[in-house]
Amino acid sequence: MSIMEIFRLTIGTIFFVSGIVVFVIEILGITHMKYVLNRLHAAAMGDTLGLFLVMTGLCFYSGFNSTSAKIVLTVILFWIASPVASHMTALLESYTNERLNRHLTFEGDLDALEEKLSKEAKEKEK
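Everything numeric in this text was worked out from a predicted model, so none of it was measured. (Residues numbered from 1 in each chain as written. Predicted model: local features only at pLDDT ≥ 70, side-chain atom pairs only at ≥ 80, totals over all residues. Heavy atoms only, no water.)

Caption draft 1: View of the nonpolar core. In terms of nonpolar packing, the biggest core is built from five residues, these being Leu 51, Met 55, Cys 59, Ile 71 and Val 75. Secondary-structure elements contributing two or more residues to this core are helix H2 (36-62) and helix H3 (66-96). Ranked by residue count, the leading element in this core is H2, at three residues. Residues contacting Cys 59, with those up to four places away along its chain left out, are Ser 68, Ile 71 and Val 72. (Core = buried A, V, L, I, M, F, W, Y, C linked by side-chain atoms within 4.5 Å. Buried < 20%, exposed > 50% of the residue type's maximum accessible area, 1.4 Å probe, protein only. Helix = DSSP H or I, 4+ residues; strand = E, 2+ residues; numbered from the N terminus. Contact = heavy atoms within 4.5 Å.)

Caption draft 2: Region of the structure containing a nonpolar patch on the surface. On the surface, Val 72, Leu 73, Ile 76 and Ile 80 cluster together into a nonpolar patch covering about 370 Å² of accessible area. For Val 72, the location among the structural elements is in helix H3. (Patch = residues over 30% accessible without salt bridge, like charges linked within 9 Å, V, L, I, M, F, W, Y side chains within 5 Å. Areas by Shrake-Rupley, 256 points an atom, 1.4 Å probe, with all protein chains shown as cover. Salt bridge = Lys/Arg side-chain N within 4 Å of Asp/Glu carboxyl O.)

Caption draft 3: Fine view of the side chain of Glu 93. Looking at the secondary structure, you find Glu 93 in helix H3. We classify Glu 93 as buried; its relative accessible area is 19%.

From the geometry alone we can't say anything about function, so treat these as descriptive.
As structure tokens, this is what we get:
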């Protein structure tokens, strides 16, 4: 085993273990938070960083070849799909939760916000 192989495997292990640690912290954050939007934020941020670190570690393990290119494409696809899915889930929660104002910390006119949300919900129903 050459020095470069040992270096490559060490760097890959560091990235992989860091990603696993991020996933564990994400899981603790999800179970600790009480409100769904807070959980959603913890899950989205943790998944994005954790997946990047784990997949980077796997790229180092496999070497720089076609497998690494597939891993990079998987990460790019996930980075495109995950924020969209999180946004749509948060939007659904904001439209369907009637007690949303209990969970918001809004520095403005809360009545105006509620009125705006109800108008948007009525427009969606039409």
